[in-house]
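# Inside the fold
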Amino acid sequence: MNLVLRILVGLWGLGFGLLAVQGIIDPKVFTTQFGIEAPGASINSVRSDFGAFFLVSAVCALWAAAKPEKAKLLYVPAALYGTALVGRLIGLGLGDPASAANNQAMIIEGVSTLLMLFAARRLGAQT
């Protein structure tokens, strides 16, 4: 069970790590993926903020997948994705428009948060 969980966390980390690197190299990856505009110099904020979010999450997941004794690192992506989900829910509550893309993002954030919390607890209990 722990090996399967480590593989899942590792694949998750690889996927979001790839997204981070692609978006840091070409931030239009982020603007296209998330349907946002970044005119002029604001593209640098998209590159750095989104890149940091995904890269830090991915590195923590990959590190914990490789070294289960570092499972507490999984609380970092859990906190980031959980906070993003709460922010989306607040936005919807305040009248932000709902969309299929927003719904998909909330599902990904929710599943990611639960996976990281479960893995942190399960792998952490084994060390």
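See above for the structure.
Residues numbered from 1 in each chain as written. Predicted model: local features only at pLDDT ≥ 70, side-chain atom pairs only at ≥ 80, totals over all residues. Heavy atoms only, no water.

### Re the pattern of salt bridges
All told, the structure shown has one salt bridge when counted by the stated rule. For the salt bridge of R88 with E109, the shortest nitrogen-to-oxygen distance reads 2.8 Å. With a gap of 21 residues between them, R88 in helix α4 (residues 75-93) and E109 in helix α5 (residues 100-125) connect regions that are remote in the sequence. (Salt bridge = Lys/Arg side-chain N within 4 Å of Asp/Glu carboxyl O. Helix = DSSP H or I, 4+ residues; strand = E, 2+ residues; numbered from the N terminus.)

### A closer look at helix α3 (residues 42-66)
Here α3 spans 36 Å end to end across 25 residues, near enough to the 36 Å set by a 1.5 Å rise per residue. Roughly 25° is the biggest bend found in α3, and it falls at A52. Taken together, the buried positions of α3 are V46, G51, F54, S57, A58, C60, A61, A64 and A65. Tucked inside the fold, the buried residues of α3 contact α1 (2-25), α2 (28-34), α4 and α5. (Expected span 1.5 Å × (residues − 1). Bend = angle between axes of the 7 residues up to and from the residue. Buried < 20%, exposed > 50% of the residue type's maximum accessible area, 1.4 Å probe, protein only. Contact = heavy atoms within 4.5 Å.)

### Let's talk about α4
Between its first and last C-alpha atoms α4 spans 26 Å; for 19 residues at 1.5 Å apiece the expected length is 27 Å, and the two agree. Listed in full, the buried residues belonging to α4 are P77, A78, Y81, G82 and G91. Lining the buried residues of α4 we find α1, α3 and α5.

### Brief notes about the environment of D26
Tracing the chain through its elements places D26 in the loop between α1 and α2. Residue classification places D26 among the partly exposed residues on the basis of a relative accessible area of 37%. The sequence separation of D26 and V9 amounts to 17 residues, and the corresponding C-alpha distance is 25 Å.

### Observations regarding the nonpolar core
Across soluble globular proteins, nonpolar side chains have a tendency to be buried as a group. Membership of the largest hydrophobic core comes to 23 residues, with the highest contact counts inside it found for V9, W12, F16, F54, L74 and M116. If you list the elements that add at least two residues to this core, you get α1, α3, α4 and α5. F54 has contacts with F16, L19, A20, F30, F34 and Y81, leaving out every residue within four places of it along the chain. (Core = buried A, V, L, I, M, F, W, Y, C linked by side-chain atoms within 4.5 Å.)

### So, the packing of α1 against α3
Between α1 and α3, whose axes approach to 7 Å, the crossing angle comes to 155°. Classed by the angle they form, the pair α1 and α3 counts as roughly antiparallel. Crossing angle aside, the handedness with which α1 passes α3 is left-handed. Of the residues assigned to the contact of α1 with α3, the class counts are 15 nonpolar, six polar and two charged. (Axes fitted to C-alpha atoms, helices over the stretch in contact; angles between N-to-C directions. Parallel < 35°, antiparallel > 145°, perpendicular 65-115°, else oblique. Left-handed = near helix turned anticlockwise from the far one by under 90°. Nonpolar A, V, L, I, M, F, W, Y, C, P; charged D, E, K, R; others polar.)

### Quick look at the environment of E109
Taking the relative accessible area as the measure of exposure, E109 reaches 7% and is therefore buried. With 24 residues separating them along the chain, E109 and L85 place their C-alpha atoms 5.8 Å apart. Setting aside anything within four residues of it in sequence, one finds E109 in contact with Y81, A84, L85 and R88.

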